[in-house]
Amino acid sequence: MLDINLIREHVDAVKEGVAKKGVDSKIVDKLLRRDEVWREKAKALDDLKAEQNEVTKEIAKKHTKGALSRARLLKQQITKLSDEETHLKQQRDVLLEKLPNIPFDDVPVGKNDKDNVELRQVGKQPEFDFKPKDYLTVAEQLGIIDVKRAAVVAGSRFGYLLGGAARLEFALIQFAIETITAEGFIPVVPPVMIRPEIMRRMGKGTFIDDHDAFRIDEDDLYLVGSSEHTIGPLHIDETLREKDLPRRYVGFSTCFRREAGSYGRDTRGILRVHQFDKVEMFSFVHPEKSEEEHQFLLAIQECLMQKLELPYRVVEVCTGDMTWSDARQYDIETWLPSEKQYRETHSCSNTTDFQARGIRARFIQEGMNKPQYMHTLNATGFAIGRTIVAIIENYQTKQGTVRVPPVLQSWTGSKEIDVI
RNA sequence: GGUGGGGUGGCUGAGUCCGGUCGAAGGCGCCGCACUCGAAAUGCGGUAUGCCCGAAAGGGUAUCGUGGGUUCGAAUCCCACCCCCACCGCCA
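Residues numbered from 1 in each chain as written. Chains lettered and ligands numbered in written order. Predicted model: local features only at pLDDT ≥ 70, side-chain atom pairs only at ≥ 80, totals over all residues. Heavy atoms only, no water.

**Topic: the overall build of chain A**
- Within chain A, the regular secondary structure consists of 14 helices and 16 strands.
- Overall, the C-alpha framework of chain A stretches about 100 × 45 × 40 Å when taken along its three principal axes.
- Relative to its 420 residues, chain A shows a buried fraction of 50%.
- Intrachain contacts of chain A at a sequence separation of at least 6 include 73% that bridge at least 24 residues.
- Summed over all atoms, the accessible surface of chain A reaches about 20800 Å², with 49% contributed by carbon and sulfur.
- Where the 62 positive side-chain charges of chain A centre and where its 67 negative ones centre are 4 Å apart. (Helix = DSSP H or I, 4+ residues; strand = E, 2+ residues; numbered from the N terminus. Buried < 20%, exposed > 50% of the residue type's maximum accessible area, 1.4 Å probe, protein only. Contact = heavy atoms within 4.5 Å. Areas by Shrake-Rupley, 256 points an atom, 1.4 Å probe, with all protein chains shown as cover. Lys, Arg positive; Asp, Glu negative; His and termini not counted. Charge placed at Lys NZ, Arg CZ, Asp CG, Glu CD.)

Encoded structure:
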């Protein structure tokens, strides 16, 4: 959620910001008009209540002469005004929820992923003395990914990871958790179901509204699309002390996404599925440290990729392609030889105080008594499925086998992926 | 699913039977001051948040799980819901 005071005081900047994100800036004008009307009404209501409190005190002191009839009248007026005030506030807040976080000034302006800016390419793209196959062809030959049987059991966009692919998953998890916890992150296995109210407070209302989240109807719960959704609210309504910051978590969870609106895209294989596992970093930091933390998270992501020896590139995501709650976002895209292009495997987001305001995650600065909002950031450790895809493609051999990246070999216990 | 107990400020915990002087005792923690070479201990003082008005000082208002009701007035009474804890049952 955006700060209403920021909107009031910096109308033009906010309008410009939301427009860059592809949101109609007229909403801001509409919001401010509602806000104005609401404030007048709220003031009138407060004044009436103040009068009521006075009258009430008189009655308590037995000065009931005329007071009781005045009190009855006040009560009526207050009831009426109060309904109006509630209604106006609601209208304002609905509009407030329709505004995304404002991108930083220096974020590249653009419409979609084509306008993202490549920052660097890292790692050598593998050269093959044969025509590299796509991961699914290789994996199906080895019997380690099975989407056909998964379709029978659960429908499209699911997959079985078998044998070596499953081992690869566990190896990646252990490798990531070990590396990231060494940096002081607290490992966490969070709930994968979440209440809608919490999801909205995390600034992820669109995940529900766009029908991208799976709903457990009977219990009014949603399946998370990322452990970010339930790690963030770990400190909901809490006020930490400055010395507790930064607070860093590395979570592991399954993620569920309906992938609504992506019909026909990546329908083959496990690149875009309803269910995948992910290691995720999440930081709560001092507001002045969030840009620094953002770089730190990105550095960890790159370190993991370099140790895996996968070629990747880092892009800064443009305003139009950014996530709703982000002020700045980087993506890491990994090279897929069969497609001869980089495909998104990681994202790294600074949500500034946008999520923190929603979940009221605050801290008290040393020597002050007024709490302020922290900044929160989240970054992919590994999206396991997509990383497995990248490994299969980049580490395939002429014989149709797949080598295990050296750094993972101690976890898989073999240099080649086990076949079924 | 069953039975019982409970949700009060940063934490703990009184108040709820018998509605008004209760934004709410006490304790802990935290901040300041005093004492001290310094620290501990001790003493004194301070210490919730949101919203609105105000340049500020300050003022108003709301908040005792949530929503509704009764009332001139609700932490306190009534109704519904949510959540937590303990034990039992079931279960990976």
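**Examining the nonpolar core**
- Formed by 54 residues in total, the largest nonpolar core has its most connected members in Ile 145, Ile 180, Phe 382, Ile 392 and Leu 408.
- Looking at this core, the element that brings in the most residues is helix H7 (residues 164-181), giving eight residues.
- When residues no more than four places from it in sequence are discounted, the contact partners of Leu 408 are Leu 168, Ala 171, Leu 172, Phe 175, Leu 308 and Ile 391.
- Ranked by size, the runner-up nonpolar core spans 14 residues in total, among them Val 28, Leu 31, Leu 99 and Phe 354. (Core = buried A, V, L, I, M, F, W, Y, C linked by side-chain atoms within 4.5 Å.)

**A few points about a negative patch on the surface**
- A contiguous patch of negative charge, built from Asp 113, Asp 115, Asp 321 and Glu 344, is present on the exposed surface.
- You can see Asp 115 is positioned in the loop between helix H4 (67-96) and strand S1 (117-122). (Patch = residues over 30% accessible without salt bridge, like charges linked within 9 Å, V, L, I, M, F, W, Y side chains within 5 Å. Salt bridge = Lys/Arg side-chain N within 4 Å of Asp/Glu carboxyl O.)

**Quick word on the pairing of strand S9 (residues 247-256)**
- Within S9, eight of the 10 residues are buried, which leaves the element mostly enclosed by the surrounding structure.
- Sheet topology places strand S4 (residues 186-188) next to S9; three bridges connect them, and they run parallel. Bridge pairing in S9 links Pro 187 to Val 250.
- Note that S9 and strand S10 (residues 275-285) share 10 bridges and pair antiparallel. Residue pairing for S10: Thr 254 is matched across the bridge by Asp 277. (Pairing = 2+ DSSP bridges.)

**Things to note about the sheet that holds strand S15 (residues 371-373)**
- Here three strands make up an open sheet; going across it, the order is S8-S14-S15 and the pairing mixed. In the strand order of this sheet, the two ends are held by strand S8 (239-241) and S15, each with one partner. Strand after strand, the sheet turns through a mean of 40° between neighbouring axes, direction not considered.
- Note: strand S14 (residues 362-364) against S15, three bridges, orientation antiparallel. If you follow Phe 363 over to S15, its bridge partner there is Gln 372. (Axes fitted to C-alpha atoms, helices over the stretch in contact; angles between N-to-C directions.)

**Quick notes on the sheet that holds strand S11 (residues 312-316)**
- On the basis of which strands lie adjacent, the open sheet formed by eight strands has the order S1-S11-S12-S13-S16-S10-S9-S4 and mixed pairing. Both edges of this open sheet fall to S1 and S4, since each of them pairs with a single strand only. Between one strand axis and the next, the sheet turns by 25° as a mean value, whatever way the strands run.
- Contacting S4, S9, S10 and strand S16 (375-383), H7 crosses the sheet at an angle of about 5° to S10.
- Packed onto the sheet, helix H11 (residues 290-308) meets S1, S9, S10, S11, strand S12 (328-336), strand S13 (341-350) and S16 and runs at close to 5° relative to S16.

**A look at the confidence of the model for chain A**
- In this model, chain A carries an average pLDDT of 90, and 98% of its residues clear a pLDDT of 70 or more.
- Two numbers describe this predicted complex: its pTM, 0.90, and its ipTM, 0.81. (pLDDT = per-residue confidence, 0-100.)

**Regarding the packing of aromatic side chains**
- The tally for this structure, following the rule as stated, stands at six aromatic pairs.
- Relative to Phe 284, the ring of Phe 282 lies with its centre 5.1 Å away and its plane at 50°, an arrangement referred to as tilted.
- The exposure class assigned to Phe 284 is buried, which follows from its relative accessible area of 0%.
- Three or more aromatic residues link up through ring pairs in this structure, and these residues are Tyr 249, Phe 282 and Phe 284. (Phe/Tyr/Trp six-rings, centres within 6.5 Å; stacked < 30°, edge-to-face > 60°.)

**Some remarks on the side chain of Glu 316**
- By the element assignment, Glu 316 lies in strand S11.
- Judged by relative accessible area, which is 9%, Glu 316 ranks as buried.
- Among the polar contacts made by the side chain of Glu 316, one reaches the side chain of Arg 328 at a distance of 2.9 Å.
- In this view, Glu 316 contacts Val 107, Pro 108, Asn 116, Val 117, Leu 119, Arg 328, Gln 329 and Tyr 330; residues no more than four positions away in its chain are not counted. (Polar contact = N/O pair within 3.5 Å; in protein donor to acceptor, adjacent residues only side chain to side chain.)

**Re a nonpolar patch on the surface**
- There is a patch of nonpolar side chains on the surface, built from Val 152, Val 153, Tyr 160, Leu 162 and Ile 420 and spanning about 510 Å² of accessible area.
- Relative to the helices and strands, Val 152 is located in helix H6 (residues 147-154).

**Here's the deal with H11**
- Under the 1.5 Å per step criterion, the end-to-end length of H11 is 27 Å for 19 residues, consistent within 8% with the ideal 27 Å.
- When we look at burial in H11, the residues that qualify are Ser 290, Glu 293, His 294, Leu 297, Leu 298, Ile 300, Gln 301, Glu 302, Leu 304, Met 305 and Leu 308.
- Glu 309 sits one or two positions beyond H11 and adopts a positive phi of about 60°. (Expected span 1.5 Å × (residues − 1).)

**Some words on the pattern of salt bridges**
- Throughout the structure, instances matching the rule amount to 34 salt bridges.
- A salt bridge links Arg 70 to Glu 58; the shortest N-O distance between them is 4.0 Å. Placement of Arg 70 in helix H4 and of Glu 58 in helix H3 (residues 26-60) is noted, with a sequence separation of 12 residues between them.
- Residue Arg 70 is classed as partly exposed on the basis of its relative accessible area of 36%.

**Describing unusual backbone geometry**
- Even without a glycine there, the phi angle at His 211 is positive, about 60°.
- According to the relative accessible area criterion, His 211 is exposed, its value standing at 55%.
- Within the chain, Lys 340 stands out as a residue other than glycine whose phi angle is a positive 50°.
- Inspection of the secondary structure puts Lys 340 in the loop between S12 and S13.

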